[in-house]
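Residue strings, one per chain:
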Amino acid sequence: MIKDRGSIKFTAMMMPEHLELLREFKQGCMEQQRELTEWELEELQQTINLAYGQRQDVKLDVWSDGKTTQWIGKINAINTNTNELIFETLLKTKRIPLQNICSAQLDADYYD
């Protein structure tokens, strides 16, 4: 079996200027969090309140570390002091800051 070290084998041949340009390129490729309009914020709030009130499954798109991640589960609590959602997925419970939520969508048929 051949052991391939990936891009590690080529770093010895690269000049420091090349490595710096590659780092800058990777940082430039990261997504920027999009500002939501007033309409989108209102719809987001209504969806979260409905999912919390009726204990329905909800699909959240959460922005973190330069990318969006999708979580599906139930909202256990809304902490207004720390502006966080206590969100329960099938495997774990997470604390999600409200300002990092990009979109929310009710997901009624997740377990079917």
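Keep in mind that what you see is a predicted model, and the values were worked out from it rather than measured. (Residues numbered from 1 in each chain as written. Predicted model: local features only at pLDDT ≥ 70, side-chain atom pairs only at ≥ 80, totals over all residues. Heavy atoms only, no water.)

Enquirer: What am I meant to see in the environment of C102 here?
Expert: Considering the arrangement of structural elements, one finds C102 in strand β5 (residues 101–106). Given a relative accessible area of 24%, C102 falls into the partly exposed group. A sequence separation of 42 residues divides C102 from L60, and the C-alpha atoms of the two residues are 7.5 Å apart. When neighbours within four sequence positions are excluded, C102 is seen to be in contact with L36, D61, W63 and T68. (Helix = DSSP H or I, 4+ residues; strand = E, 2+ residues; numbered from the N terminus. Buried < 20%, exposed > 50% of the residue type's maximum accessible area, 1.4 Å probe, protein only. Contact = heavy atoms within 4.5 Å.)

Enquirer: Just checking my understanding: could you explain the sheet that holds β5 for this structure?
Expert: Pairing between sheet strands relies on hydrogen bonds along the backbone, with the strands arranged either parallel or antiparallel. Pairing is antiparallel in the open sheet, where five strands are placed in the order β4-β3-β2-β1-β5. A strand with exactly one partner marks an edge of an open sheet, and here the two such strands are β4 (93–97) and β5. The sheet shows a mean angle of 45° between the axes of neighbouring strands, direction not considered. For strand β1 (residues 58–64) and strand β2 (residues 67–79), the ladder comprises seven bridges, and the chain directions are antiparallel. Note on β2: the bridge partner recorded for W63 is T68. (Pairing = 2+ DSSP bridges. Axes fitted to C-alpha atoms, helices over the stretch in contact; angles between N-to-C directions.)

Enquirer: Quick question: what am I supposed to make of the pairing of β4 here?
Expert: Consecutive residues of a regular strand have side chains that alternate between opposite faces of the sheet. Pairing of strand β3 (residues 84–88) with β4 involves five bridges; the strand directions are antiparallel. Note that in β4 the partner of E84 across the bridge is P97. Connecting the antiparallel pair β3 and β4 is a turn made up of four residues.

Enquirer: Looking at this model, I keep getting lost on the pattern of salt bridges. Mind explaining?
Expert: Close approach of charged atoms lets side chains of opposite charge pair. The tally for this structure, following the rule as stated, stands at two salt bridges. Among the salt bridges present, the one from D57 reaches K74, with a minimum N-O distance of 3.5 Å. A residue pair is termed long-range when its members are at least 10 positions apart, and D57 in the loop between α3 (38–54) and β1 and K74 in strand β2 qualify at 17 residues. Classification of D57 as buried rests on a relative accessible area of 6%. Its salt-bridge partner being R95, residue E84 comes within 3.1 Å of it at the nearest N-O pair. Of the two residues, E84 sits in strand β3 while R95 sits in strand β4, which places them eleven residues apart along the sequence. (Salt bridge = Lys/Arg side-chain N within 4 Å of Asp/Glu carboxyl O.)

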